[in-house]
Amino acid sequence: MPELQIVRTVADLRAVVAQYRRSGAGIGLVPTMGALHDGHLTLVRSAKLDNARVIATIFVNPKQFGPTEDLARYPRDEAADAAMLKELGTDLLFAPDLEEMYPEGFATSVSVGALTQSLEGLSRPGFFTGVATVVTKLLLQALPDRAYFGEKDFQQLQVVRRMVRDLNLPVGIVAVPTIREADGLAMSSRNRYLSPAQRKMAGALPQIMHETVAELRNGQIASPIIAKAKGRLHQAGFDRVDYLELCDETSLQPIPVARAPSRLLVAAYVGGTRLIDNWPVV
Ligand code: AMP
């Protein structure tokens, strides 16, 4: 297995990318916050299929955490992450520190309009501006041919697509379906926060989502179906449901009845851990 090269500065990243370009290689970029699991690794595998060179990035981006969120305790294990990336044949890991990404005096942000005003955007003010700013920087730093994002974070995927179109960023955005545990729970770095009892309980989320999607597909009015599903989530032990909404897949605006293309999106808490998920409806 070839060595995984690790670089920590934009200058070093660009030097390696220039070598790749000289050799004519297509380049795929996989941005992550580390604490890698099979969801992330599937993005890397997809990138390997499409590109001769694959760059993964690990940066826990403080700009996408709110003041009461889990930045300080977000799981970090670069050695384990690097070992997994190496195993898959990733060519390069870009793991900048805070100073490299946001040097003293950093003052620019990228904010995307309407798409960020619903769902996660309401529960987590500033989140998407943090994401859009760091993703823009990573895309401009690496200038890949393609960048890979998970459908697990569906609104984020749509925001990134919008931003890339709006700013004419010369990169293709590739969406990768959500990778799930055996009981259907979407893989997430934050699942590490769950106690064994909470983890067991969390399996109710995909099950309720699955059944709710089946009901919504019948073309009935969504609101009573969604109210019932919220009740079931509470009964199953979820402490708070930030949102459970049927939305148009492109605009992410709520719709009263399922129509193509639509998605059911959820954010709910098990204890202090916030889980998100989404399923296509039609
Ligand atoms: P994160 O490290 O949580 O910022 O995620 C980095 C990338 O991995 C994002 O594009 C996520 O959407 C994607 N991702 C995270 N979990 C999953 C999953 N279970 N299935 C597919 N992609 C995922």
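Note that the structure is a prediction, hence the values are computed from the model and not measured.

Enquirer: Looking at this structure, how should I read the domain arrangement of the protein?
Expert: You'll often see interface size given as the accessible area lost when the parts meet. The domain architecture assigned to the protein consists of domain 1 (5–176) and domain 2 (189–280). Computed from C-alpha atoms alone, the centre-to-centre distance between domain 1 and domain 2 is 26 Å. Between domain 1 and domain 2, the residue contacts involve 23 residues of the former and 20 residues of the latter. Each partner contributes to the roughly 1,900 Å² buried at the junction of domain 1 and domain 2, and carbon and sulfur atoms together form 50% of this total. Between Arg263 and Glu151 there is a salt bridge, and its shortest N-O distance comes to 3.5 Å. Counting every contact that joins domain 1 to domain 2 gives 12 residue pairs in polar contact (both at pLDDT 80 or more). Listing elements by their share of the side of domain 1 that touches domain 2, those giving two or more residues are α5 (120–123) and α7 (154–166). For the side of domain 1 that touches domain 2, the element with the highest residue contribution is α7, accounting for three residues. For the side of domain 1 that touches domain 2, the per-class residue count stands at nine nonpolar, seven polar and seven charged.

What counts and what doesn't
Residues numbered from 1 in each chain as written. Predicted model: local features only at pLDDT ≥ 70, side-chain atom pairs only at ≥ 80, totals over all residues. Heavy atoms only, no water. Domains from an automatic or database assignment. Contact = heavy atoms within 4.5 Å. Buried area = accessible area lost by both parts, 1.4 Å probe. Salt bridge = Lys/Arg side-chain N within 4 Å of Asp/Glu carboxyl O. Polar contact = N/O pair within 3.5 Å; in protein donor to acceptor, adjacent residues only side chain to side chain. Helix = DSSP H or I, 4+ residues; strand = E, 2+ residues; numbered from the N terminus. Nonpolar A, V, L, I, M, F, W, Y, C, P; charged D, E, K, R; others polar.

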